[in-house]
Amino acid sequence: MKNIKALFLNCSLKGSEDVSNTQSLMDELAEVLKTNQVECESVRIADYHVAYGITTDAGGGDQWPEILTKIKHADIVMVGTPLWIGEKSSIAKKVLERINGSVNLTNEKGQSIFYDKVGGVVVTGNEDGAKNAAASIVFALNYMGFTMPPEPVAYWTGEAGPGPSFIEEEGIKNEFTAGQVETMAYNLVHMARMIRQNPIPAEGNVKG
């Protein structure tokens, strides 16, 4: 059996030239996944030209099709976002819109291409809103065809208002967040392996 593949979609507003707290927490999750023979790849969405719209390809140099190809080849898809004013980032919202624009693409069974893929969420920030942001992403991914395992979220938030970041606070030492990372990692792998062995049958969910 081929290794499970995990794709991390980092929806930080920062490009790769800047340090990302969201990436740091995602990296902690990736380390646990790798111990379970999962191949991990991370994409910093801000590094790509991703157009707005509910479409598979907006044209004009839109690079969403490149990211979509990576999603097609992944068994696990993680969406990571920072918090801004208690909400997920605008880039996270745009990614969900572009995924929504691709739900009518089908696999060999006629189901949405997002069937048989497992989803999860990572959130970081120094203010409240992690559960609200995570809830909206979990719902969106599940609604669009992804399977969500139990406890599919890991988050870290600092004190309200400006303050130290996840990296500055060495947030992975937070017992609660570390526990979430480990639990989610094992649940993601377990669910992905279950689906690999027993895919969702094409009964009542075929497009067209």
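Residues numbered from 1 in each chain as written. Predicted model: local features only at pLDDT ≥ 70, side-chain atom pairs only at ≥ 80, totals over all residues. Heavy atoms only, no water.

Looking up the chain in an unreviewed UniProt entry gives the name Flavodoxin family protein, with the organism given as Salicibibacter kimchii.

### Considering helix α2 (residues 64-72)
Those residues of α2 that fall on the buried side of the exposure criterion are Trp64, Ile67, Leu68 and Ile71. The arc enclosing the buried residues of α2, seen along the axis, measures out at 105°, which places them on a common side. (Buried < 20%, exposed > 50% of the residue type's maximum accessible area, 1.4 Å probe, protein only. Helix = DSSP H or I, 4+ residues; strand = E, 2+ residues; numbered from the N terminus. Arc of directions from axis to C-beta.)

### Here we look at the environment of isoleucine 85
Its place among the elements puts isoleucine 85 in the loop between β3 (76-84) and β4 (87-88). On the accessibility criterion, isoleucine 85 (77% relative accessible area) is exposed.

### Digging into the pattern of salt bridges
As enumerated under the stated definition, the model contains five salt bridges in all. Here lysine 34 ties to glutamate 31 by a salt bridge, and the two come within 3.7 Å at their closest N and O atoms. You can see lysine 34 and its partner glutamate 31 sitting in helix α1 (residues 21-34), three residues apart, about one turn around the helix. When its relative accessible area of 45% is taken as the criterion, lysine 34 is described as partly exposed. For lysine 109, the salt bridge identified is with aspartate 116, shortest N-O distance 3.6 Å. (Salt bridge = Lys/Arg side-chain N within 4 Å of Asp/Glu carboxyl O.)

### Side note on the packing of α1 against helix α5 (residues 175-197)
Close contact between α1 and α5 brings their axes to 9 Å; oriented N to C, the two are set at 50°. When the axes of α1 and α5 are compared, the pair comes out oblique. When you trace α1 past α5, the crossing you get is right-handed. The segment α1 lies against α5, with Leu25, Glu28, Leu29, Val32 and Leu33 engaging Thr177, Val181, Met184, Ala185, Tyr186, Leu188 and Val189. A breakdown of the residues in the contact of α1 with α5 according to their chemical character gives ten nonpolar, one polar and one charged. (Axes fitted to C-alpha atoms, helices over the stretch in contact; angles between N-to-C directions. Parallel < 35°, antiparallel > 145°, perpendicular 65-115°, else oblique. Left-handed = near helix turned anticlockwise from the far one by under 90°. Contact = heavy atoms within 4.5 Å. Nonpolar A, V, L, I, M, F, W, Y, C, P; charged D, E, K, R; others polar.)

### Some details on the pairing of strand β5 (residues 118-125)
Of all the eight residues making up β5, eight are buried; the element is thus mostly covered by neighbouring parts of the structure. Of the two faces of β5, the one lined by Val118, Gly120, Val122 and Thr124 and the one lined by Gly119, Val121, Val123 and Gly125 are each fully buried. Bridge count between β3 and β5: seven bridges; the pairing is parallel. Bridge pairing in β5 places proline 82 opposite threonine 124. When β5 meets strand β6 (residues 153-157), the two strands line up parallel, connected through five bridges. Across the sheet, valine 122 pairs through a bridge with alanine 154, a residue of β6. (Pairing = 2+ DSSP bridges.)

### Describing the nonpolar core
Grouped together as the largest cluster of nonpolar side chains are 36 residues, with contacts concentrated most on Leu9, Ile45, Ile71 and Ile99. Contributions of two or more residues to this core are made by β1 (4-10), α2, β3, α3 (90-100), β5, α4 (130-143) and β6. With seven residues, α4 is the largest single contributor of residues to this core. The residues touching leucine 9, leaving out its near neighbours within four places in the chain, are Met26, Val43, Ile45, Ile67, Ile71, Val77, Met78, Val79, Gly80 and Val95. Core analysis: the second largest hydrophobic core is formed by 25 residues, Phe8, Leu25, Met26 and Leu29 among them. (Core = buried A, V, L, I, M, F, W, Y, C linked by side-chain atoms within 4.5 Å.)

### Some thoughts on the packing of aromatic side chains
Applying the stated criterion to the full structure yields four aromatic pairs. Both rings, one in phenylalanine 114 and one in phenylalanine 146, keep their centres 5.1 Å apart while their planes meet at 20°; by these two values the pair is stacked. Residue phenylalanine 114 is found in the loop between α3 and β5, and its partner phenylalanine 146 is found in the loop between α4 and β6; the two are separated by 32 residues along the sequence. Look at phenylalanine 114 and you get buried, because its relative accessible area is 0%. Between tyrosine 155 and phenylalanine 176, the aromatic rings sit 5.8 Å apart at their centres with planes inclined by 65°, giving edge-to-face as the arrangement. Placement of tyrosine 155 in strand β6 and of phenylalanine 176 in helix α5 is noted, with a sequence separation of 21 residues between them. Relative accessible area serves as the criterion here: at 16%, tyrosine 155 is assigned to the buried category. With a relative accessible area of 48%, phenylalanine 176 lands in the partly exposed category. (Phe/Tyr/Trp six-rings, centres within 6.5 Å; stacked < 30°, edge-to-face > 60°.)

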